[in-house]
Amino acid sequence: MPETFDTEYDHNKEFLTVRTSRNMLESFDRRKIVQSLIKETGISKEIAEEIALEVEETIKKLKLKFISAPLIREIVNVKLLERRLEDARRDYTRLGLPVYDATQIIEKGVRENANLQHNPETIHKLVADWVMKEYALLKALPLHLADAHMRGEIHIHDLEYFVTRPYCFQHDLRWFLKNGLKVDGTGENTAVAGPAKNAEVAILHAAKALAAAQTNFAGGQGLDFFNVWLAPYMAGKTYKEIKQLAQMFIYELSQMYVARGGQVVFSDIDIEYGVPKICQDLPAVLPGGVVKDSITYGDFEEEAIMFARALTEVYLEGDYVGKPFFFPKPNYKLRRECFKKEGFDEFMILVHKVVAKYGSPYFLNLLAGYLPDNVFAQCCRLVLSPDNTDWEDFKNGCMRTGSLQVVTINLPRIAYESNGNDEKLFELLEERMKLAREVIEIKRDIILKRMKQGSLPFLTQDVNGEPYYRVDKVVRSIGFVGLNEMLKAHTGEELHESKDAWRFGLEVIKRMMDIAMEWSEETGQRWVITQTPAESASHRLALLDLKEFNGKAVVQGDVKTGAVYYTNSSHVRVSADVPLFERLRIEGAFHPLCNGGMMAHVWIGESSPNPELLWELTKKIATKTLIGYWAYTKDMTFCRDCKNLSGGIKKSCPNCGSSNVEWYSRVTGYYQRVSGWNDGKRKELFDRKRVNLG
Ligand SMILES: [Zn+2]
């Protein structure tokens, strides 16, 4: 505020009171408009003064007693637009949502992410998401990229977090076991814990490390070799004690209602049968963070197996009312060496009892020849292969990886635009990938800036002289949706309908992978192709294309009600009447091409499948197909009245007849309540062709 007022201004001062955005009442002061225009948009003083005068005139004519600062800003914006000062208008505008939409969010919530319950934290998140999404599209991204997203050529995932956090991450528990835990990253705002001296604390540190990390990441948080790194803490314990610890961990992660606006942490753990060869000679981190060269993980084979079994039994039991645990997602690694170990068969039957009852386990198939000794699976479906520097980290006790950002290419759109011309199709494909690359490069700069600014404290913790998060070591993920519909539009046949369509599909994804590899070489960064978990993208892009291309758009679902969707990534249409192994053969061919993550789904039709038969099926998938990562999905009906859980999607409870039921199924790469799904995904659920094992 200037110290003195000129006389003309004094005369005007009292004509109006302004409700400011700082919750104060102030007298109208034209010079505040001038000052803010110059400060926020950089336009000249002359134009600013001219605009301020005009605004004052406009307001005077309205003869108001009060006016709000946001309304003054809107009037200024109109004056800027009248002068064609569009850039200045973009800088000067406000972000926010209409009162009507705020009311909807407060009273009803939204159904974009199935994990979001309607609760006070979520309401805050949704309101904040609105502003942050607008900010990303208006300020962080140049117009052509924001428009490409809005038009539906590409889909930028997690836009609400685009300017604040990277996507997902996989942590190395050994580092926290050895060094203790600072949940705020600095130890200045919260208590600092030293290395865990006993198993209970180690378990709590594992859970809290993921929760703390979630506050700095948009997506999933994973712990690889979970039962291996914790095995030394189980030494000398009875199986009963170990099971209690397993239960404690799973409850912690499925009950800590903490991050990203009242959700549990999006978490997963990788479970090994015993200690894999690659870990056996590594010096073990022991209680108290002690490391002795003479004691290696190989010394804790028995404990690792006991802990794996205990975790699996907890998953099998479900929660207190008999519901499954959705998080942490358990990834079971299938290694050739496991088959030689005693008790493996029995263990896997236990795992498949969980599959039969709840469908919770995921399988990582290291038997597939194209995958290395270890891959890192986390989040919805990220499966990353380590490079040499990763193995170095692995030896040094702090292997860590993740994805910076995912951008999905709308494949059907490319088919509509290329009118059957192959050359045009591949041209557009590369063009769209370049848009995705631009987005991800901007994201990189943003995250580096945030790390410097100190707003990602968990990520800037020091690990042997390096930050915990290394922007140039994580992958840049380019995903895709609707290969099946692209093929139908371009070749006239769907993925499963002819070998030619399938081959052309492989050519498309191969081209994407080649481009990503070229970029990796060119930049020294890791560009990967991933099967996008298109929970909202498959619905949003189908809707946009239907609007844009009407009769030309090939979508699944119900066009009349708008419950439409694209088939995920390179999957066979969910409703296609194709035998299971034919489906897995068609889809498996794409898995080696998706070096940033893949996932196949087997939708189970029976309400209580036989675990032995399921295990036989798993072995067959692991040895006879190229599927790298998959899960069996069993639908469930939960009765709110009598708490009975039964298999299948049922309108009423088979136990008490009540129609007050909730359904559970796997939306993409995780389980959730069906009532939280968007219309497209709900339609997909009913379209899914399920298999019976007989
Ligand atoms: Zn009931």
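Residues numbered from 1 in each chain as written. Predicted model: local features only at pLDDT ≥ 70, side-chain atom pairs only at ≥ 80, totals over all residues. Heavy atoms only, no water.

A.B. asks: I would appreciate a short explanation of the pairing of strand β16 (residues 401–410) in the present structure.
C.D. replies: The side chains of a regular strand alternate, residue by residue, between the two faces of the sheet. Taking burial as the measure, the 10 residues of β16 include 10 buried ones, the bulk of the element. In the sheet, strand β4 (residues 154–156) pairs with β16 via three bridges, with the strands oriented antiparallel. In the sheet register, Ile156 faces β16, and the bridge partner there is Val407. Looking at chain direction, strand β5 (residues 168–171) and β16 are connected through three bridges and run antiparallel. Bridge pairing in β16 links Phe169 to Gly402. Strand direction decides the pairing type here: β16 and strand β19 (residues 475–481), joined by seven bridges, are parallel. Considered in β19, the bridge of Gln405 is made with Arg476. (Buried < 20%, exposed > 50% of the residue type's maximum accessible area, 1.4 Å probe, protein only. Helix = DSSP H or I, 4+ residues; strand = E, 2+ residues; numbered from the N terminus. Pairing = 2+ DSSP bridges.)

A.B. asks: Would you take a moment to explain the packing of helix α14 (residues 301–317) against helix α15 (residues 344–358) for this structure?
C.D. replies: Each pair of packed helices gets described by two things: the angle between the helix axes and the distance between those axes. Between α14 and α15, the least distance of the axes is 9 Å, while the angle of their chain directions is 20 degrees. Judged by the inter-axis angle, α14 sits roughly parallel to α15. Helix-helix and strand crossings are classified by hand; for α14 and α15 the assignment is left-handed. On α15, the residues touching Ala308, Arg309, Thr312, Glu313, Tyr315, Leu316 and Glu317 of α14 are Glu346, Phe347, Leu350, Val351, Lys353, Val354, Lys357 and Tyr358. Residues that form the contact of α14 with α15 fall into these classes: eight nonpolar, one polar and six charged. (Axes fitted to C-alpha atoms, helices over the stretch in contact; angles between N-to-C directions. Parallel < 35°, antiparallel > 145°, perpendicular 65-115°, else oblique. Left-handed = near helix turned anticlockwise from the far one by under 90°. Contact = heavy atoms within 4.5 Å. Nonpolar A, V, L, I, M, F, W, Y, C, P; charged D, E, K, R; others polar.)

A.B. asks: Even after reading the chapter, I still don't get the layout of surface pockets, so can you show me in this structure?
C.D. replies: Any empty space left between the atoms is revealed when a probe the size of a water molecule rolls over them. Each pocket or cavity is described by its volume, and for the second largest pocket that value is around 610 Å³. Listing elements by their share of the lining of the second largest pocket, those giving two or more residues are α12 (239–255), β27 (661–666) and β28 (671–673). For the lining of the second largest pocket, the element with the most residues is α12, which contributes three residues. For the lining of the second largest pocket, the class distribution of residues is 12 nonpolar, six polar and six charged. (1 Å grid on protein atoms, 1.4 Å probe; cavity = no way out; pocket = protein on both sides within 12 Å on 5 of 7 lines; lining within 4 Å. Points joined across faces, edges and corners; volume = space filled by probe spheres on them.)

A.B. asks: Please explain the environment of Trp677 as it appears in this structure.
C.D. replies: Positionally, Trp677 belongs in the loop between β28 and α24 (679–687). Exposure remark for Trp677: the relative accessible area of 1% places this residue in the buried category. For the pair Trp677 and Asp641, spaced 36 residues apart in sequence, the C-alpha to C-alpha distance is 22 Å. Within the structure, Trp677 has its side chain in polar contact with the backbone oxygen of Arg673 (distance 3.0 Å). (Polar contact = N/O pair within 3.5 Å; in protein donor to acceptor, adjacent residues only side chain to side chain.)

A.B. asks: Before we go on, may I ask you to explain helix α20 (residues 499–523) in this structure?
C.D. replies: Each full turn of the α-helix corresponds to 3.6 residues, which orients residues three or four apart in the same direction. Taking 1.5 Å of rise per residue, 25 residues should cover 36 Å, and α20 covers 36 Å from first to last C-alpha, within 8% of that figure. The first or second residue beyond α20 is Gly524, which carries a positive phi of 75 degrees. (Expected span 1.5 Å × (residues − 1).)

A.B. asks: Got a minute to help me understand empty space enclosed by the protein in this structure?
C.D. replies: Going through the model one piece at a time under the given rule, you end up with seven cavities of 30 Å³ or more. Roughly 120 Å³ of internal volume is contained in the largest cavity. The wall of the largest cavity is formed by 14 residues, among which His571, Val574, His601, Trp603 and Glu684 lie closest to the centre. Going through the elements one at a time, α22 (580–588), β23 (600–604) and α24 are the ones with two or more residues in the lining of the largest cavity.

A.B. asks: What am I meant to see in the pattern of salt bridges here?
C.D. replies: Taken as a whole, this structure holds 48 salt bridges when the rule is applied. Here Lys125 makes a salt bridge to Asp129, at a shortest N to O gap of 3.0 Å. Linking Lys125 with Asp129, this pair stays in helix α7 (residues 120–140), spanning four residues, or about one helical turn. Because the salt bridges share partners, they merge into one network encompassing Asp390, Asp393, Glu466, Arg470, Lys473 and Arg526. (Salt bridge = Lys/Arg side-chain N within 4 Å of Asp/Glu carboxyl O.)

A.B. asks: Explain a negative patch on the surface to me, please; I cannot follow it from the model alone.
C.D. replies: A contiguous patch of negative charge, built from Asp422, Glu423, Glu427 and Glu507, is present on the exposed surface. Per-element accounting of the negative patch gives the leading share, three residues, to helix α18 (residues 422–453). You can see Glu423 is positioned in helix α18. (Patch = residues over 30% accessible without salt bridge, like charges linked within 9 Å, V, L, I, M, F, W, Y side chains within 5 Å. Areas by Shrake-Rupley, 256 points an atom, 1.4 Å probe, with all protein chains shown as cover. Lys, Arg positive; Asp, Glu negative; His and termini not counted. Charge placed at Lys NZ, Arg CZ, Asp CG, Glu CD.)

A.B. asks: Is there a simple way to think about the confidence of the model for the protein chain in this case?
C.D. replies: Regions with low pLDDT should not have their predicted coordinates read in detail. With 95% of its residues at a pLDDT of 70 or more, the protein chain has an overall mean of 92. Ignoring residues within four places in sequence, the model shows residues 1–13, a span with pLDDT below 50, making 20 contacts including any to other chains. (pLDDT = per-residue confidence, 0-100.)

A.B. asks: Looking at this structure, I do not really get the pairing of strand β12 (residues 329–334). What am I missing?
C.D. replies: With respect to burial, β12 is a largely interior element, six of its six residues being buried. Of the two faces of β12, the one carrying Lys329, Asn331 and Lys333 and the one carrying Pro330, Tyr332 and Leu334 are both buried. Where strand β9 (residues 267–271) lies against β12, four bridges are found, and the strand directions are parallel. Note on β12: the bridge partner recorded for Ile269 is Pro330. With four bridges joining them, β12 and strand β13 (residues 362–365) adopt parallel strand pairing.

A.B. asks: What exactly am I supposed to notice about the environment of Arg666 here?
C.D. replies: Residue placement: Arg666 occurs in strand β27. Assessed through its relative accessible area of 0%, Arg666 is described here as buried. Remark: the alpha-carbon pair of Arg666 and Asp635, spanning 31 residues in sequence, is separated by 7.7 Å. Only 3.3 Å separates the side chain of Arg666 from the backbone oxygen of Ser360, close enough to count as a polar contact.

A.B. asks: Got a minute to help me understand unusual backbone geometry in this structure?
C.D. replies: Working note: non-glycine residues mostly have negative phi, and peptide bonds are mostly trans. The linkage connecting Phe327 with the following residue, Pro328, adopts the cis geometry, with an omega of -5 degrees. The phi torsion at Phe225 lies on the positive side, around 50 degrees, for a residue other than glycine. As for its position among the elements, Phe225 is in the loop between β8 (221–223) and α11 (226–229).

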